[in-house]
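So the chains spell out like this:
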Amino acid sequence: MSPDALKALVRTVPDFPEPGIQFRDITTLIGHGKGLAASVHYLSELAKANGAQKIAGMEARGFIFGAAVAVHMGIGFLPVRKPGKLPITTIGVDYALEYGTDRLEIDPSAISDGERVVIVDDLIATGGTALASAQLLRQAGARVDHAIFVIDLPDLGGAERLREANVDVCALMSFEGE
């Protein structure tokens, strides 16, 4: 399937979670077997071209695509978790949300010093979670130079914020607006 055919599988839900927002819903893409397989194939090719030694994905939708890409490539997957989800000693980073803060945590022993980790997620919007993930992975010793997304919302500036933090960004598709 072409990237344009994949884009056609993404459902747009108007006025969610609030009026004026066009929510890009991947449920219809991941529910389409050939669409999901093609997405994972394209993401894997990008990760391979960027020298991925391990894939990191953020909870929760990043687990879907990230783990599938890691399996497809035959490399490890590193879950970037919400706080309190891992039963071991973790390292974490707090980051700002539109209304408040959140936290991400990882198992630092899951990364070898200098290991090239590529971030994979479903969507890049404002970039806060992806930036926090890159910071956390780097804190653990990873080399994080690339992040790959199914969808980019360029008007929200997240991809540009990642680039300013020396993380190259690729996306299979983009949607204008919020």
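Up top is the structure these notes are about.
Each residue is numbered by its place in its chain's sequence as written, counting from 1. Given that this is a predicted model, residues contribute local features only at a pLDDT of at least 70 and side-chain atom pairs are listed and counted only at 80 or more, while totals for whole chains, interfaces and linings are drawn from all residues. Hydrogen atoms and water are omitted, and side-chain values are computed over all heavy atoms in the structure.

Q: Would you explain the overall build of the protein in this entry?
A: Tallying secondary structure elements over the protein gives six helices and nine strands in all. Taken over the C-alpha atoms alone, the protein extends approximately 40 × 40 × 30 Å along its principal axes. When the 178 residues of the protein are sorted by exposure, 43% land in the buried category. We call two residues in contact whenever any of their non-hydrogen atoms come within 4.5 Å of each other. Across the protein, every contact between residues at least 6 apart in sequence was considered, and the portion connecting residues at least 24 apart equals 57%. Element-wise, carbon and sulfur atoms account for 51% of the exposed surface of the protein, whose accessible area totals about 8500 Å². The distance from the centre of the 16 positive side-chain charges to the centre of the 23 negative ones in the protein is 6 Å. Numbered from the N terminus, helices here are DSSP runs of H or I no shorter than four residues, and strands are runs of E no shorter than two. Each residue is placed in one exposure class: buried if its accessible area under a 1.4 Å probe, protein chains only, is under 20% of its type's maximum, exposed if it is over 50%, and partly exposed if it falls in between. Accessible areas in this description were obtained via Shrake-Rupley with a 1.4 Å probe; residue shielding takes into account the shown protein chains only. For the charge count, each Lys or Arg is scored as positive and each Asp or Glu as negative, with His and the chain ends excluded. Lysine's charge is taken at NZ, arginine's at CZ, aspartate's at CG and glutamate's at CD.

Q: I keep staring at helix α3 (residues 33-49) and nothing clicks. Help me out?
A: In an α-helix, one turn spans 3.6 residues; hence positions three or four apart end up facing the same way. With 17 residues, α3 should reach 24 Å at 1.5 Å per residue; the first-to-last C-alpha distance of 24 Å fits that figure. Taken as a whole, α3 has its buried residues at G35, A38, S39, V40, L43, S44 and A47. To estimate how far a helix should reach, multiply one less than its number of residues by 1.5 Å.

Q: Explain the sheet that holds strand β3 (residues 54-58) to me, please; I cannot follow it from the model alone.
A: Backbone hydrogen bonds hold the strands of a sheet together, and the pairing may be parallel or antiparallel. Here we have five strands laid out as an open sheet, ordered β4-β3-β7-β8-β9, and parallel in their pairing. The open sheet is flanked by β4 (76-80) and β9 (168-174), the only strands paired with a single partner. Adjacent strand axes in the sheet meet at a mean angle of 25 degrees when their direction is disregarded. Across seven bridges, the pairing between strand β7 (residues 116-124) and strand β8 (residues 143-152) is parallel. If you follow I124 over to β8, its bridge partner there is D152. Of the strands in this sheet, β3, β4, β7 and β8 are in contact with helix α4 (residues 61-73), which crosses β3 at around 165 degrees. Whether two strands pair comes down to DSSP finding at least two bridges between them. Throughout, an axis means a line fitted to C-alpha atoms (over the contacting stretch in the case of helices), and angles, computed between N-to-C directions, take values from 0 to 180 degrees.

Q: What exactly am I supposed to notice about the packing of aromatic side chains here?
A: Describing an aromatic ring pair means giving the distance of the ring centres and the angle of the ring planes. Note on aromatic pairs: the rings of Phe, Tyr and Trp (six-membered ring only in Trp) are paired at centre separations within 6.5 Å, and the planes decide the class, stacked below 30 degrees, edge-to-face beyond 60, tilted for the rest. Per the stated rule, a full pass over the model turns up two aromatic pairs. Centre to centre, the rings of F16 and F23 are 5.3 Å apart; their planes meet at 90 degrees, and the pair counts as edge-to-face. Among the residues examined, F23 registers a relative accessible area of 30% and is labelled partly exposed. Ring geometry for F63 and F77: centres 5.9 Å apart, planes at 85 degrees, overall edge-to-face. Of this pair, F63 sits in helix α4 while F77 sits in strand β4, and the two are 14 residues apart along the sequence. According to the relative accessible area criterion, F63 is partly exposed, its value standing at 22%. Residue class for F77 comes out partly exposed when judged on its relative accessible area of 26%. Whether a charge lies above a ring is judged from NZ of Lys or CZ of Arg, which has to be within 6 Å of the ring centre and within 35 degrees of the ring normal. The residue whose ring lies beneath K7 is F175, and the NZ or CZ to ring-centre distance is 4.8 Å.

Q: Where do I start with the nonpolar core in this structure?
A: For this analysis, a nonpolar core means a set of buried residues of the types Ala, Val, Leu, Ile, Met, Phe, Trp, Tyr and Cys, connected via side-chain atoms within 4.5 Å. In this structure, I106, L137 and L162 are the most contacted members of the largest nonpolar core, which totals 28 residues. Secondary structure elements with two or more residues in this core: β3, β4, β5 (91-97), β6 (100-106), β7, α5 (128-139), β8 and α6 (158-164). Here this core takes six residues from α5, the largest share from any one element. L6, V120, A125 and V150 belong to the second largest nonpolar core, which has 24 residues in total.

Q: What is the right way to read the environment of L162 from this model?
A: Tracing the chain through its elements places L162 in helix α6. What makes L162 buried here is its relative accessible area of 0%.

Q: Looking at this model, I keep getting lost on the pairing of β7. Mind explaining?
A: Consecutive residues of a regular strand have side chains that alternate between opposite faces of the sheet. Within β7, seven of the nine residues are buried, which leaves it mostly tucked inside the rest of the structure. Bridge analysis of β3 against β7 gives three bridges, and the strand direction is parallel. Across the sheet, residue K54 finds its bridge partner in β7, namely V117. Following the backbone out of β7, through α5 and into the adjacent parallel β8, one traces a crossover that is right-handed. When the strands point away from the viewer, a crossover counts as right-handed if the route from the first strand across the helix to the second turns clockwise.

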